[in-house]
Amino acid sequence: MPIEILPGLQLEDDELKVTYILASGPGGQNVNKVATAAQLRFDAVRSPALSDRIRTRLIELAGCRATQNGEIIITGRRFRTQQRNREDVIERLAELIRKAAHRPTFRVATRPGRAARQRRLDGKSHRAGIKRNRKVRLDD
């Protein structure tokens, strides 16, 4: 069953490799016996669902979670069950892909107008006048 990331962007189940490893944390004595932590591996470089723009931004956003081969590894050990940890890592990957798909708005650098500069200078001189009036003057 495909995983819906965005409208028009779906990941197939066979693109995700989820393995289970031993986890620290809550679970009592059971934590040493049962592999409940989920480790998701997603090959971003070879994924047919991603465009080139999303792929490069995804690897950039993944940071140290991305390997040299372009594979993204996410480990989830927040919950006590395999199923909840599996859902958690898949949701975290989906959120990372959504972030990568979002186009940052292009900001055009502008300069402050003449009136804004004048208001700034007026405020500075007003404040300087207040401080100047605080001085104790000794008239001789």
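The rules we used
- Residues numbered from 1 in each chain as written.
- Predicted model: local features only at pLDDT ≥ 70, side-chain atom pairs only at ≥ 80, totals over all residues.
- Heavy atoms only, no water.
- Helix = DSSP H or I, 4+ residues; strand = E, 2+ residues; numbered from the N terminus.
- Expected span 1.5 Å × (residues − 1).
- Buried < 20%, exposed > 50% of the residue type's maximum accessible area, 1.4 Å probe, protein only.
- Contact = heavy atoms within 4.5 Å.
- Core = buried A, V, L, I, M, F, W, Y, C linked by side-chain atoms within 4.5 Å.
- pLDDT = per-residue confidence, 0-100.
- Pairing = 2+ DSSP bridges.
- Salt bridge = Lys/Arg side-chain N within 4 Å of Asp/Glu carboxyl O.
- Arc of directions from axis to C-beta.

### Re helix α2 (residues 82–101)
Step number 1: Its 20 residues place the ends of α2 29 Å apart at the C-alpha level, agreeing with the 28 Å of an ideal helix rising 1.5 Å per residue.
Step number 2: Along α2, the residues that are buried comprise N85, D88, V89, I90, L93, A94, L96, I97, A100 and A101.
Step number 3: The inward-facing, buried residues of α2 contact β1 (3–6), β2 (9–11), β3 (16–21), β4 (37–43), α1 (52–62) and β5 (71–76).

### Quick look at the nonpolar core
Step number 1: One finds L16, L40, F42, L50, L58, L93 and I97 to be the most contacted residues of the largest nonpolar core, which totals 25 residues.
Step number 2: If you list the elements that add at least two residues to this core, you get β1, β2, β3, β4, α1, β5 and α2.
Step number 3: The dominant element in this core, judged by the number of residues it contributes, is α2, at 8 residues.
Step number 4: Once residues lying within four places of it in the same chain are set aside, the contact partners of F42 are L11, E15, L16, S47, L50, L58, G70, E71, I72, L93 and I97.

### Topic: the confidence of the model for the protein chain
Step number 1: For the protein chain, the mean per-residue pLDDT works out to 86, and 94% of the residues sit at or above 70.
Step number 2: Mean pLDDT across the elements of the protein chain ranges from a minimum in β1, with 80, to a maximum in helix α3 (residues 114–134), with 95.

### Describing the pairing of β4
Step number 1: Within β4, 6 of the 7 residues are buried, leaving the element largely enclosed by the surrounding structure.
Step number 2: Strand direction decides the pairing type here: β4 and β5, joined by 6 bridges, are antiparallel. Note on β5: the bridge partner recorded for F42 is I72.

### Examining the environment of A100
Step number 1: One can find A100 in helix α2.
Step number 2: Residues A100 and I59 lie 41 residues apart in sequence; the distance between their C-alpha atoms is 8.7 Å.
Step number 3: Ignoring any residue separated from it by four or fewer positions in sequence, one finds A100 in contact with R53, I54, R57, L58 and L61.

### With respect to the pattern of salt bridges
Step number 1: Applying the stated criterion across every chain, the model contains 8 salt bridges.
Step number 2: A salt bridge links E71 to R41, with the shortest nitrogen-to-oxygen separation between them at 2.9 Å. Separated by 30 residues along the polypeptide, E71 in strand β5 and R41 in strand β4 bring together distant segments of the chain.
Step number 3: For R41, a relative accessible area of 29% translates into the label partly exposed.

### Focus on α1
Step number 1: Regarding α1, the residues found buried are I54, R55, L58 and A62. Each buried residue of α1 lies within a common arc of 100 degrees when the element is viewed along its axis, so the set occupies one face. The exposed residues of α1 that point more than 90 degrees off its buried face are D52, T56 and E60.
Step number 2: Along its buried surface, α1 packs onto β4, β5 and α2.

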